[in-house]
Number of protein chains: 4
Amino acid sequence: MFRIQITTGGKVPIYRQVVDQIRSAIAGGVLAVGDPLPSVRGLASELVVNPNTIAKAYSSLVADGVVESQQGRGYFVTQHRQIYTKRERKRRLEETIAPLVAEAVTLGFGEDELIAEIRKRFAKMTNR
Amino acid sequence: MFRIQITTGGKVPIYRQVVDQIRSAIAGGVLAVGDPLPSVRGLASELVVNPNTIAKAYSSLVADGVVESQQGRGYFVTQHRQIYTKRERKRRLEETIAPLVAEAVTLGFGEDELIAEIRKRFAKMTNR
Amino acid sequence: MFRIQITTGGKVPIYRQVVDQIRSAIAGGVLAVGDPLPSVRGLASELVVNPNTIAKAYSSLVADGVVESQQGRGYFVTQHRQIYTKRERKRRLEETIAPLVAEAVTLGFGEDELIAEIRKRFAKMTNR
Amino acid sequence: MFRIQITTGGKVPIYRQVVDQIRSAIAGGVLAVGDPLPSVRGLASELVVNPNTIAKAYSSLVADGVVESQQGRGYFVTQHRQIYTKRERKRRLEETIAPLVAEAVTLGFGEDELIAEIRKRFAKMTNR
DNA sequence: GTGGTCTAGACCACG
DNA sequence: GTGGTCTAGACCACG
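Rules behind the numbers
Residues numbered from 1 in each chain as written. Chains lettered and ligands numbered in written order. Predicted model: local features only at pLDDT ≥ 70, side-chain atom pairs only at ≥ 80, totals over all residues. Heavy atoms only, no water. Helix = DSSP H or I, 4+ residues; strand = E, 2+ residues; numbered from the N terminus. Buried < 20%, exposed > 50% of the residue type's maximum accessible area, 1.4 Å probe, protein only. Contact = heavy atoms within 4.5 Å. Areas by Shrake-Rupley, 256 points an atom, 1.4 Å probe, with all protein chains shown as cover. Lys, Arg positive; Asp, Glu negative; His and termini not counted. Charge placed at Lys NZ, Arg CZ, Asp CG, Glu CD. Phe/Tyr/Trp six-rings, centres within 6.5 Å; stacked < 30°, edge-to-face > 60°. Lys NZ or Arg CZ within 6 Å of the ring centre and 35° of its normal. Buried area = accessible area lost by both parts, 1.4 Å probe. Salt bridge = Lys/Arg side-chain N within 4 Å of Asp/Glu carboxyl O. Polar contact = N/O pair within 3.5 Å; in protein donor to acceptor, adjacent residues only side chain to side chain. Nonpolar A, V, L, I, M, F, W, Y, C, P; charged D, E, K, R; others polar. Near = heavy atom within 4 Å. Least-squares fit on C-alpha atoms with pLDDT ≥ 70 in both. Pairing = 2+ DSSP bridges. Axes fitted to C-alpha atoms, helices over the stretch in contact; angles between N-to-C directions. Parallel < 35°, antiparallel > 145°, perpendicular 65-115°, else oblique. Left-handed = near helix turned anticlockwise from the far one by under 90°.

(A) How the structure looks around the overall build of chain A. In terms of helices and strands, chain A carries five helices and two strands. Scanning chain A from its N terminus toward the C terminus, one meets helices and strands in the order α-α-α-β-β-α-α. Projecting the C-alpha coordinates of chain A onto the three principal axes gives extents of approximately 50 × 35 × 25 Å. Split into buried and exposed, the 128 residues of chain A put 37% on the buried side. At a minimum sequence separation of 6, the contacts of chain A that also span at least 24 residues come to 48%. Looking at chain A as shown, the accessible area adds up to about 7,200 Å², and 50% of this sits on carbon and sulfur atoms. Mean positive and mean negative side-chain charge positions of chain A (19 and 13 charges, respectively) differ by 5 Å.

(B) Region of interest: the packing of aromatic side chains. Residues and elements named next belong to chain B. Scanning the model with the defined rule gives five aromatic pairs over all chains in all. Where Y58 meets Y75, the ring centres are 4.8 Å apart and the plane angle is 70°; that geometry is what we call edge-to-face. Of this pair, Y58 sits in helix α3 (residues 51-63) while Y75 is found in strand β2 (residues 74-77), placing the two residues 17 residues apart along the sequence. Under the relative-accessibility criterion, Y58 is labelled buried at 0%. According to the relative accessible area criterion, Y75 is buried, its value standing at 17%. Above the plane of the ring of Y15 lies K56, whose end atom (NZ or CZ) is 4.6 Å from the centre.

(C) Highlighting the interface of chain D and chain B. On the side of chain B, four residues touch chain D, which itself brings four residues to the contact. Buried surface at the junction of chain D and chain B, both sides included, amounts to about 280 Å², of which 48% is carbon and sulfur. Contact with chain B buries surface across chain D, with T8, G9 and P13 of chain D losing the most and accounting together for 78% of the total. Counting every contact that joins chain D to chain B gives zero salt bridges. There are zero residue pairs in polar contact (both at pLDDT 80 or more) connecting chain D and chain B. Along the lines of polarity and charge, the residues of the side of chain D that touches chain B split into one nonpolar, two polar and one charged.

(D) Molecular detail of the protein's contact with DNA strand E. Around DNA strand E, the surrounding shell holds 27 residues, and the nearest of these are I14, N50, T53 and Q71 of chain B together with Y75 of chain C. Within the side chain of T53 of chain B, one N or O atom sits 2.7 Å away from a phosphate oxygen of DNA strand E. One of the backbone nitrogen or oxygen atoms of V40 of chain C is found 3.0 Å away from a phosphate oxygen of DNA strand E. Elements with a minimum of two residues in the surface near DNA strand E: α1 (14-27) and α3 of chain B, α2 (40-47) and β2 (74-77) of chain C together with α1 (14-27) and α3 (51-63) of chain D. Per-class residue counts for the surface near DNA strand E are nine nonpolar, twelve polar and six charged.

(E) Local environment of the relation of the copies chain A and chain B. Rotating chain A by 178° and moving it 0.3 Å along the rotation axis overlays it on chain B with an RMSD of 2.2 Å. Given the turn and translation reported, the copies of this chain are related as if by a two-fold rotation axis. Every residue of chain A has its C-alpha some distance from the rotation axis, and the shortest such distance is that of I115 of chain A, at 4.3 Å. A share of 95% of the interface residues of chain A reappears at the interface of chain B, consistent with the copies meeting face to face through the same patch.

(F) A look at the pattern of salt bridges. Summed over all chains, the structure comprises 46 salt bridges over all chains. Across the pair D64 of chain B and R23 of chain B runs a salt bridge, and its minimum N-O distance is 2.3 Å. Taken together, the positions of D64 of chain B in the loop between α3 and β1 (67-70) and R23 of chain B in helix α1 put the pair 41 residues apart, joining distant regions of the chain. Per residue, the accessibility class of D64 of chain B equals that of R23 of chain B, and both read buried. Where R23 of chain C meets E103 of chain D, a salt bridge forms, and the shortest distance between an N and an O atom there is 2.5 Å.

(G) Broad picture of the pairing of β1 of chain B. Residue and element names in this part refer to chain B. Taken together, the four bridges between β1 and β2 define a ladder with antiparallel strand orientation. Its bridge partner lying in β2, V67 is registered against V77. Linking two consecutive strands that pair antiparallel, namely β1 and β2, is a turn of three residues; a positive phi of about 75° is found at G72 within it.

(H) Inspection of the interface of chain A and chain B at higher detail. Each partner contributes to the interface: chain A provides 39 residues, whereas chain B provides 40 residues. The largest per-residue losses of area from chain A upon contact with chain B belong to L93, L107 and F122 of chain A, which jointly make up 15% of the total buried on that side. In this assembly, chain A and chain B are joined by seven salt bridges. A salt bridge links E117 of chain B to K90 of chain A; the shortest N-O distance between them is 3.6 Å. Viewed at the interface, chain B and chain A are joined by eight residue pairs in polar contact (both at pLDDT 80 or more). At the level of secondary structure, the elements contributing two or more residues to the side of chain A that touches chain B comprise α1 (14-27), α4 (86-106) and α5 (111-127) of chain A. If one sorts the elements of the side of chain A that touches chain B by residue count, α4 of chain A sits on top with 16 residues.

(I) Geometry of the environment of F2 of chain D. Turning to its location among the elements, F2 of chain D is positioned in the segment before α1. For F2 of chain D and I22 of chain D, which are 20 residues apart along the polypeptide, the C-alpha to C-alpha distance reads 9.2 Å.

(J) The arrangement of the protein's contact with DNA strand F in detail. As a matter of local geometry, DNA strand F sits amid 27 residues, with Y75 of chain B together with I14, N50, T53 and Q71 of chain C nearest to it. The share of sugar and phosphate among atoms of DNA strand F within 4 Å of the protein is 69%. Between DNA strand F and Y75 of chain B, the relevant distance is 2.4 Å, taken from a phosphate oxygen to a side-chain nitrogen or oxygen of the residue. Between DNA strand F and the protein, one listed contact pairs a base nitrogen with a side-chain N or O atom of N52 of chain C at 2.8 Å. Among the elements of the structure, α1 and α3 (51-63) of chain A, α2 (40-47) and β2 of chain B together with α1 (14-27) and α3 (51-63) of chain C are those that each provide at least two residues to the surface near DNA strand F.

(K) Representation of unusual backbone geometry within the structure. One non-glycine residue, V48 of chain B, lies in the positive phi region at around 55°. The residue V48 of chain B is located in the loop between α2 and α3 in this model.

(L) Focus on the environment of K120 of chain C. Residue and element names in this part refer to chain C. Residue position: K120 is located in helix α5 (residues 111-127). For K120, a relative accessible area of 44% translates into the label partly exposed. When the C-alpha positions of K120 and Q79 are compared, they lie 27 Å apart, and in sequence the two are 41 residues distant.

(M) Broad picture of the packing of α1 of chain A against α3 of chain A. Residues and elements named next belong to chain A. Interaxial distance between α1 and α3 falls to 9 Å at its minimum, and their mutual angle equals 45°. Classified by the angle between their axes, α1 and α3 sit oblique to one another. α3 is crossed by α1, and the crossing has right-handed handedness. Together, I14, Y15, V18, V19, I22 and R23 of α1 and T53, I54, K56, A57, Y58, S60 and L61 of α3 make up the contact between the two elements.

Interpretation note: all reported values are geometric properties and have no functional meaning in isolation.
In structure tokens:
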């Protein structure tokens, strides 16, 4: 079953977490084309956050063409198209990796430990 | 020679970029224990940013125990002590990993591709 | 009710006074887990100082893990986790004790007098 | 024997450490009235600090009437007089204690642990 | 309304 | 010359 989980108090804003997790769910096949998203109010009350926050996340997904709004029925997953060129995707990935590796080394973790933690994170994502 | 480069207009704040790059330089051995950091004012004028922004970055490095400030002399790389508990270090690593994995998946990268990129990053760091 | 009071013109910086008083309030139970801190702007205008000064104080409390910032909502007292290693905690305590003892001796107080005053301070904290 | 020890990288400036330790030595009887202080240059080279820093510390002691300069011979301990009223001394002590106790509690130390550390600090001072 | 980042600039302490 | 603190004020992101 598809569940969104957020953490508060960290640096990542709630709406970003919602966006990222829905994208991940689509990319991972947990949400298929045509599937409905949870309702804005339902999800907001479940996560105990402001409905505006969920609405903002969904709007951002609509703007990116990942989901569409059907008047009065809710939000649904659309065909997800790759937007960036391969080169651009790689550049963005490398840009994100560099600070992570620096942080991990600062915290005293080695290459293999970091990778083990990343595999755990992936496992957690697909299990959900 | 050790140079810091920043990009403005993106979502990563300037002070964060400075922190990340100095951490990378230390992790990669470009900056060794006892080495001075560029002076706050010098770096600020070189990067054309406000000295307060650099001061904020340096303070954050001091809080993590990787550099220290010597009254009236400047900032220096310290002998790296582990100051956080194992639990806290793990919490921080997970907090950093979660958004990265979400971003990678959003960009269409799978687990193995991400890990390959991370290994490349480690290799690049130690080669230099 | 919880009030912060500062003095200017002394050697203790304003942001330090704010940090110390909030710590005392938490240590003494005046502020409990989950309680909000005064808003940055609200406290700044109440104390007639710049909001940046309060923000600096609050950031320092976040770094020590005693409060957390919730995006767009404010700062809240967290469940207190021990984030530093035993060695680091001891190092910090010694660093704080050394100047205190020097000051006490300079003021003409002996070991037992100082300790009596410290016990009084603890008693005052828990009584409130 | 009388030895001054300083730590760099902390928040307490070097000249303050020198001043405090000399005052403590006098208060503790390690330095008696008429005893000479180490020479400015000698102490500076021993501590590997700028001679101006030592000169500044000694000037501050002269200004407070704790030591006196004898032209061409050096600095000597004079009769130390209490400057503050009892009430003022106590007020200053309490002012210093409050943040220490808050810090100790934040770090997870209890009353007895803090006091044990303070006794250790006193022991270290008199042994030296 | 809440915090987060940044600039421009001042004044001071320390070495 | 070096960092440390603080002000005044702007603009933006988040909820």
